[in-house]
Amino acid sequence: MPPRLYLVRHAEGEHNATVTCILVNPLCHIDPPQRNFQFRDLILTSKGQSQCATLRSTFPYHDEIDLVLSSPQRRAIQTAVLSFGPILARNEVKYMALPLAQEVSDMGCDTGFPKDELEALIPGLFEGSDLRFDVEKIVRGVDGVPKGWNVKTGYYAYTREAISQRASDLRSWLFQRSEDKIILVTHGAFLHFLTEDWDVDDPLSGTAYNHCEVRIFDFKETSTAKEAHLIETKESKETRGANEKEKDEHVLEELTAIVK
């Protein structure tokens, strides 16, 4: 039987908040503050870390999850670890970073680091955090990340065709997993392609996930390994803010650029 999926948008990243050039130059000041989406693969804000703490304390399925997955981008890795530490502390639960689940655009904030650099950066993401497990578990989780995963061309290009294909491939891969319940932490715009959730009045403002929002999906009965599709559970539909408008300028920019 295919697994049940718990799909999660990452917590607030520095590119989602008001940021200035102070991120790279403490002496630089811009008035009024501006967002800059070109800073590479930004990490969570303090608010984002608090969102993870809230999710960790309220998520009711820590004892039921069999596998934790995330995009290899740093904000997604942080969200997976800080939100689902009780799951990852279980020795039998693996963590894996999936390039298929990276965000859609070719902006700097959506462009990750090469595998060797990413491995070196991971321990620093959790300095001062009480993880209750060895951070090497997360470092090992990027073992399968291939060279070129972060080059936004070809298979990972910022085009509807390329994104739709990798979303389809990810659904097929997930459909064939042997685990019963899987968490995937990924990104707001990519989640639309993964779930094929466009059946709304305005997909640019009505379906984007809130930060750290969890939605639960099963595979449709007609799914096969080559053609797998998702359906949101009744429980998930009843508990999410389905009609809350997305206010994140970054997600709106990505969707506006690609959903035509």
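Structure shown above.
As a starting point, this report considers the structure included with it. These numbers come from a predicted model, not from an experiment. Per-chain numbering applies: the sequence of each chain, read as written, is numbered from 1 onward. For a predicted model such as this one, the threshold for reporting local features is a pLDDT of at least 70, and the threshold for listing and counting side-chain atom pairs is 80 or more; totals across whole chains, interfaces and linings nevertheless cover every residue. Side-chain numbers here rest on the full set of heavy atoms in the structure, without hydrogens or water.

**Side note on the environment of phenylalanine 113**
Right, on to step 1. As for its placement among the helices and strands, phenylalanine 113 is situated in the loop between strand E3 (94-97) and helix H4 (115-125).
Right, on to step 2. We call a residue buried when its accessible area falls under 20% of the maximum for its residue type, exposed when it is over 50%, and partly exposed in between, using a 1.4 Å probe and counting protein chains only. Note on phenylalanine 113: relative accessible area 13%, which makes it buried.
Right, on to step 3. Spatially, the C-alpha atom of phenylalanine 113 lies 9.4 Å from that of valine 151, the residues being 38 residues apart in sequence.
Right, on to step 4. When neighbours within four sequence positions are excluded, phenylalanine 113 is seen to be in contact with Arg40, Asp41, Arg74, Leu118, Leu121, Trp149 and Asn150. Runs of H or I in DSSP of at least four residues are treated as helices and runs of E of at least two as strands, each being numbered from the N terminus. Contacts are residue-level and defined by heavy atoms, with any inter-residue pair within 4.5 Å sufficient.

**Examining the sheet that holds strand E1 (residues 4-9)**
Across a sheet, paired strands are connected by hydrogen bonds in the backbone, their directions being either parallel or antiparallel.
Right, on to step 1. Any two strands between which DSSP finds at least two bridges are classified as paired. Across the sheet, which stays open at both edges, the six strands sit in the order E3-E2-E4-E1-E5-E6 with mixed pairing between neighbours. Among the strands making up the open sheet, the edge pair consists of E3 and strand E6 (230-232). When the angles between neighbouring strand axes are averaged without regard to direction, this sheet yields 25 degrees. Think of each axis as a best-fit line through the C-alpha atoms, taken over the contacting stretch in the case of a helix, with angles from 0 to 180 degrees between the N-to-C directions.

**A look at the nonpolar core**
Right, on to step 1. Ranked by internal contacts, the top residues of the largest apolar core, which has 38 residues, are Phe59, Val68, Ile77, Ile122, Phe126 and Ile183.
Right, on to step 2. At the level of elements, E1, helix H1 (46-58), helix H2 (74-83), helix H3 (85-88), E3, H4, helix H5 (136-140) and strand E4 (181-186) are the ones that each hand at least two residues to this core.
Right, on to step 3. Ranked by the residues each element gives to this core, the list is headed by H2, at five residues.
Right, on to step 4. Residues within four places of isoleucine 77 in sequence aside, it is in contact with Ser70, Ser71, Pro72, Tyr95, Leu118, Ile122, Leu125, Phe126 and Ile138.
Right, on to step 5. By nonpolar core we mean a set of buried residues, namely Ala, Val, Leu, Ile, Met, Phe, Trp, Tyr and Cys, connected to one another through side-chain atoms within 4.5 Å. Counting 26 residues, the second-largest nonpolar core is a separate cluster that includes Leu174, Leu191, Tyr209 and Leu230.

**So, the packing of aromatic side chains**
Right, on to step 1. Think of it this way: a Phe, Tyr or Trp ring, Trp meaning its six-membered ring, pairs with another when their centres are within 6.5 Å, and the plane angle makes it stacked under 30 degrees, edge-to-face over 60, tilted otherwise. Per the stated rule, a full pass over the model turns up six aromatic pairs.
Right, on to step 2. Aromatic rings pair up to connect Tyr6, Phe59, Tyr61 and Phe84 into one cluster.
Right, on to step 3. Lying across the ring of phenylalanine 113, arginine 40 places its NZ or CZ 4.6 Å from the centre.
Right, on to step 4. Either the NZ atom of lysine or the CZ atom of arginine qualifies as a charge over a ring when it sits within 6 Å of the ring centre and within 35 degrees of the ring normal. Sitting over the ring of tyrosine 209, arginine 215 keeps its end group 3.9 Å from the ring centre.

**Details of unusual backbone geometry**
Right, on to step 1. Positive phi, normally seen in glycine, also occurs at aspartate 41, with a value near 40 degrees.
Right, on to step 2. Relative to the helices and strands, aspartate 41 resides in the loop between E1 and H1.
Right, on to step 3. Owing to a relative accessible area of 0%, aspartate 41 belongs among the buried residues under this scheme.
Right, on to step 4. Although it is not a glycine, arginine 132 sits at a positive phi angle of roughly 70 degrees.
Right, on to step 5. Position of arginine 132 among the secondary structure elements: in the loop between H4 and H5.

**Description of the pairing of E4**
Right, on to step 1. The element E4 is largely enclosed, with a buried count of five among its six residues.
Right, on to step 2. Relative to E4, E1 runs parallel, the two being bridged by six bridges. Bridging from a neighbouring strand, leucine 5 pairs with isoleucine 182 of E4.
Right, on to step 3. By the bridge criterion, four bridges tie strand E2 (residues 67-70) to E4 in an arrangement that is parallel. Looking at the pairing, leucine 67 lines up with isoleucine 182 of E4.

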